[in-house]
Amino acid sequence: MHEMAVTQSMLEIVLRHARQAGGGRVSAIHLVVGQLSSIVDDSVAFYWDFVARGTPAEGARLVFRRVPARFGCQACGHEFAPAGDSWECPACASSQVRVKAGDEFFVESIEVDSAESLEPESTGG
Amino acid sequence: MPQRVPVVENILGANDRLADENRGRLDAARVLGLNLMASPGAGKTSLIEHTVRALSGRLRLAVIDGDIATSLDADRAAAAGATAIQINTGGECHLDAVMVRGALQQLDLPNLDLLIVENVGNLVCPASFRLGTHHSVLIASVPEGDDKPYKYPGMYRGVDVLLINKIDLLPYVEFDMARFRQGVEMLNPGVRTFAVSCRTGEGLPAWLSWVEAAVAERRRGAA
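These notes cover the structure that comes with them.

Some points on the overall build of chain A
Next, step 1: A tally of helices and strands in chain A yields two helices and six strands.
Next, step 2: Helices (α) and strands (β) of chain A occur, in sequence order from the N terminus, as α-β-α-β-β-β-β-β.
Next, step 3: Buried positions account for 46% of the 125 residues belonging to chain A.
Next, step 4: Taking the intrachain contacts of chain A between residues at least 6 apart in sequence as the baseline, contacts between residues at least 24 apart amount to 72%.
Next, step 5: Carbon and sulfur atoms provide 51% of the accessible area of chain A, an area that totals close to 6,100 Å².

Focus: the interface of chain A and chain B
Next, step 1: The interface is formed by 33 residues belonging to chain A together with 33 residues belonging to chain B.
Next, step 2: With both sides pooled, the region where chain A packs onto chain B buries about 3,000 Å², and carbon together with sulfur makes up 59% of that total.
Next, step 3: Remark: the boundary between chain A and chain B carries four salt bridges.
Next, step 4: Across the salt bridge formed by B:E185 and A:R98, the nearest N and O atoms sit 3.8 Å from each other.
Next, step 5: Elements with a minimum of two residues in the side of chain A that touches chain B: α1 (3-20), β1 (26-34), β5 (97-101) and β6 (105-112) of chain A.
Next, step 6: Looking at the side of chain A that touches chain B residue by residue, the classes come out as 16 nonpolar, eight polar and nine charged.

Some remarks on the environment of B:G132
Residues and elements named next belong to chain B.
Next, step 1: Residue position: G132 is located in the loop between β5 (114-118) and β6 (135-141).
Next, step 2: By relative accessible area, which is 5% here, G132 ends up buried.
Next, step 3: A C-alpha to C-alpha distance of 21 Å links G132 and T45, two positions 87 residues apart in sequence.
Next, step 4: In this structure, G132 is in contact with A19, N22, R23 and L26, ignoring residues within four places of it in sequence.

Side note on the packing of aromatic side chains
Next, step 1: Evaluation of the coordinates by the stated rule reveals eight aromatic pairs over all chains.
Next, step 2: On the numbers, 5.7 Å between centres and 25° between planes, the contact of B:W207 with B:W210 is stacked. Of this pair, B:W207 and B:W210 both sit in helix α8 (residues 204-221), three residues apart, which is roughly one turn of the helix. Neither B:W207 nor B:W210 differs from the other in exposure class; each is buried.
Next, step 3: Every member of this aromatic cluster is reached through a ring pair, and the members are A:F46, A:Y47 and A:F50.
Next, step 4: The residue whose ring lies beneath B:R179 is B:Y150, and the NZ or CZ to ring-centre distance is 4.9 Å.

Reading the values: the criteria
- Residues numbered from 1 in each chain as written.
- Chains lettered and ligands numbered in written order.
- Predicted model: local features only at pLDDT ≥ 70, side-chain atom pairs only at ≥ 80, totals over all residues.
- Heavy atoms only, no water.
- Helix = DSSP H or I, 4+ residues; strand = E, 2+ residues; numbered from the N terminus.
- Buried < 20%, exposed > 50% of the residue type's maximum accessible area, 1.4 Å probe, protein only.
- Contact = heavy atoms within 4.5 Å.
- Areas by Shrake-Rupley, 256 points an atom, 1.4 Å probe, with all protein chains shown as cover.
- Buried area = accessible area lost by both parts, 1.4 Å probe.
- Salt bridge = Lys/Arg side-chain N within 4 Å of Asp/Glu carboxyl O.
- Nonpolar A, V, L, I, M, F, W, Y, C, P; charged D, E, K, R; others polar.
- Phe/Tyr/Trp six-rings, centres within 6.5 Å; stacked < 30°, edge-to-face > 60°.
- Lys NZ or Arg CZ within 6 Å of the ring centre and 35° of its normal.

Here it is as structure tokens:
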């Protein structure tokens, strides 16, 4: 629901790192999104086209790496993916479980073309 | 040939930095900040009314009220005796650190003890945006159902205090308290929990004592 703000923040990070890398066009952005982070890929992609327009990151390909939720059992040490809304440990039925992974949300890396490629491609369209 | 540039930066980092600035302003003025979150209708404004009425004789209170369009909630907080600042989010589903910063500028912080920020009624988005307050407080309510921790794990994971409101309705609705608490315990082990009814007043004294103690600790800690 708040993917507009999220996408603007993402653009700021991407452009800053692209500048530090020499200022070329950004061709791809690799994102890590945990299953528990309540971020919708399609919605980010939708806003991305708007916020990136006219920047060196316009048209960049968004590559999402989804991290499934993983729980770890405190009682027996078993790690498992929660199924539905039953979060008990499937090995020992304990409910003493903790979230181990799944709430990530960050830019992992970007792919930047060499800076020269910006100049001849400035079609002004 | 594209160059792969490692980044590894949290996407909400900019908001987090602004939240840290807000925290600095509150700390400098020794004001305790609470971020109150819940779904619509869970009882945020009712809890604020009770809290303001009970504590306004002893503490100097302000409320920042996030609402999509109206000022109804801020009006209720003001009527109860707090300084109230309204933020209309213009359709945004959550408050963020920038909006709170604007509201802080309108408040006389050195002459306050407690600031309650009433977030927009929503169990998804507010969880992602730190505001700079000291504690995140979630109000769940019995009629919402015992499945909410399972359906909104992001929200239940991130809070410091949980109130279960409308416990006077427990005899009338299906709400398995053990199942609810088990979901909470998995996501947020040991989270401080108060079972209350804003209608009957049951359980509120424990909540109010906690608030007063947290305010006192803030004033001591920053002294």
